[in-house]
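# Notes for the structure review
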Amino acid sequence: MTTRSSSAGHPTAAAATAPVTLAEAPLRQARNSAALWIATGLSRGHEVVRRRGFVAVDGDERAGTRILVQEPDLDAGELAELGELVRRAAGPVNVEDPFGATDLSHLALRTWQMPVMLRPPGPVGEPSLEVVKVRKPEDLQAAERIVIEGFELTGFEPYRPGELFPPALIEQPGVDVFVALHEGVAAGAGVSVVDDGVGSHYWIGTATAFRSRGVGRAVMLGALAHVADLPVTLTASKLGRPLYESLGYTVAAPSTWWASVPAAPAP
């Protein structure tokens, strides 16, 4: 694994709790997303590129390349390097811009928007299912399978254990994976990250057999219980937004996402 860096790093250790305003939420989400993907890249042995304006994890043909915009004002050199990373990517590309300020239309990527949301510190209800913090390899693999299935991550099929969630991921500072159990069977999963005094949630998924049973809410409540004293951000899908609003999250700003266009099937 190679790490290239310039002037700025992104620590993963939690700092003292401080209030976060709606205006600050996109920046804090940008930093938290970078912390997750740096941890993921290190765990996979992939190249991590750190610049003032973005962080990138340059992966293989299955994992692809993930780019996290860190500032709303990328300079010409950063834009050029970002474009080069997109063009030479071995696999699919995803770019996350919580500020919605970087135009990448010249890179022939598809684009959409999802809201960044913020929840202030506060009490959390009890989940309807048992939610455990993953420590055992079998639980990590169960979480991995749920996320691959739930998010239709076809690039990780056929399934290879530890490719999406390497065992080293849960040893990274600030990163936790959770599983919701229904009668001892893994029904839902999610990832939480604490960085610089702010929490965030990723990959909140439900196994197909347990859809529409409140599993997603249980995963969120179980994960939130560990960060109830912190401000928490996330980026919400259209389907997930009502759940997050019911848990006390408020929309802060639109986040713009860019991704490579799936290849057309062979004739």
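Residues numbered from 1 in each chain as written. Predicted model: local features only at pLDDT ≥ 70, side-chain atom pairs only at ≥ 80, totals over all residues. Heavy atoms only, no water.

### Digging into the pattern of salt bridges
Inspection of every chain in the model, using the stated rule, returns 13 salt bridges. Residue Asp196 is joined to Arg28 by a salt bridge in which the shortest nitrogen-to-oxygen separation is 3.5 Å. Placement of the pair is Asp196 in the loop between β9 (185–195) and β10 (198–206) and Arg28 in helix α1 (residues 25–44), with a sequence separation of 168 residues. For Asp196, a relative accessible area of 38% translates into the label partly exposed. When its relative accessible area of 18% is taken as the criterion, Arg28 is described as buried. The shortest N-O distance in the salt bridge between Arg51 and Glu81 comes to 2.9 Å. Taken together, the positions of Arg51 in the loop between β2 (47–50) and β3 (54–58) and Glu81 in helix α2 (residues 76–87) put the pair 30 residues apart, joining distant regions of the chain. (Salt bridge = Lys/Arg side-chain N within 4 Å of Asp/Glu carboxyl O. Helix = DSSP H or I, 4+ residues; strand = E, 2+ residues; numbered from the N terminus. Buried < 20%, exposed > 50% of the residue type's maximum accessible area, 1.4 Å probe, protein only.)

### Observations concerning the nonpolar core
Judged by nonpolar contacts, the single largest core of 56 residues is most densely connected at Phe165, Val191, Trp203, Met220, Tyr244 and Tyr249. When contributions to this core are tallied by element, the ones reaching two or more residues are α1, β3, α3 (137–150), β8 (175–182), β9, β10, α4 (215–224) and β11 (232–235). Broken down by element, this core gets its largest block of residues, seven residues, from α4. In contact with Trp203, other than residues within four places in its own chain, are Trp37, Val147, Phe151, Leu153, Phe165, Ala189, Gly190 and Val191. (Core = buried A, V, L, I, M, F, W, Y, C linked by side-chain atoms within 4.5 Å. Contact = heavy atoms within 4.5 Å.)

### Comments concerning empty space enclosed by the protein
Throughout the structure, instances matching the rule amount to two cavities of 30 Å³ or more. Each pocket or cavity is described by its volume, and for the largest cavity that value is around 60 Å³. Contributing to the lining of the largest cavity are Leu36, Trp37, Thr40, Arg44, Leu164, Phe165, Leu169, Val191 and Trp203. In the lining of the largest cavity, the residues fall into seven nonpolar, one polar and one charged. Here the second largest cavity is characterised by a volume of approximately 30 Å³. For the second largest cavity, the full set of lining residues is Trp37, Arg44, His46, Val57, Gly59, Ala63, Gly64 and Arg66. Here the residues of the lining of the second largest cavity sort into three nonpolar, three polar and two charged. (1 Å grid on protein atoms, 1.4 Å probe; cavity = no way out; pocket = protein on both sides within 12 Å on 5 of 7 lines; lining within 4 Å. Points joined across faces, edges and corners; volume = space filled by probe spheres on them. Nonpolar A, V, L, I, M, F, W, Y, C, P; charged D, E, K, R; others polar.)

Geometric values such as these leave the question of function open.
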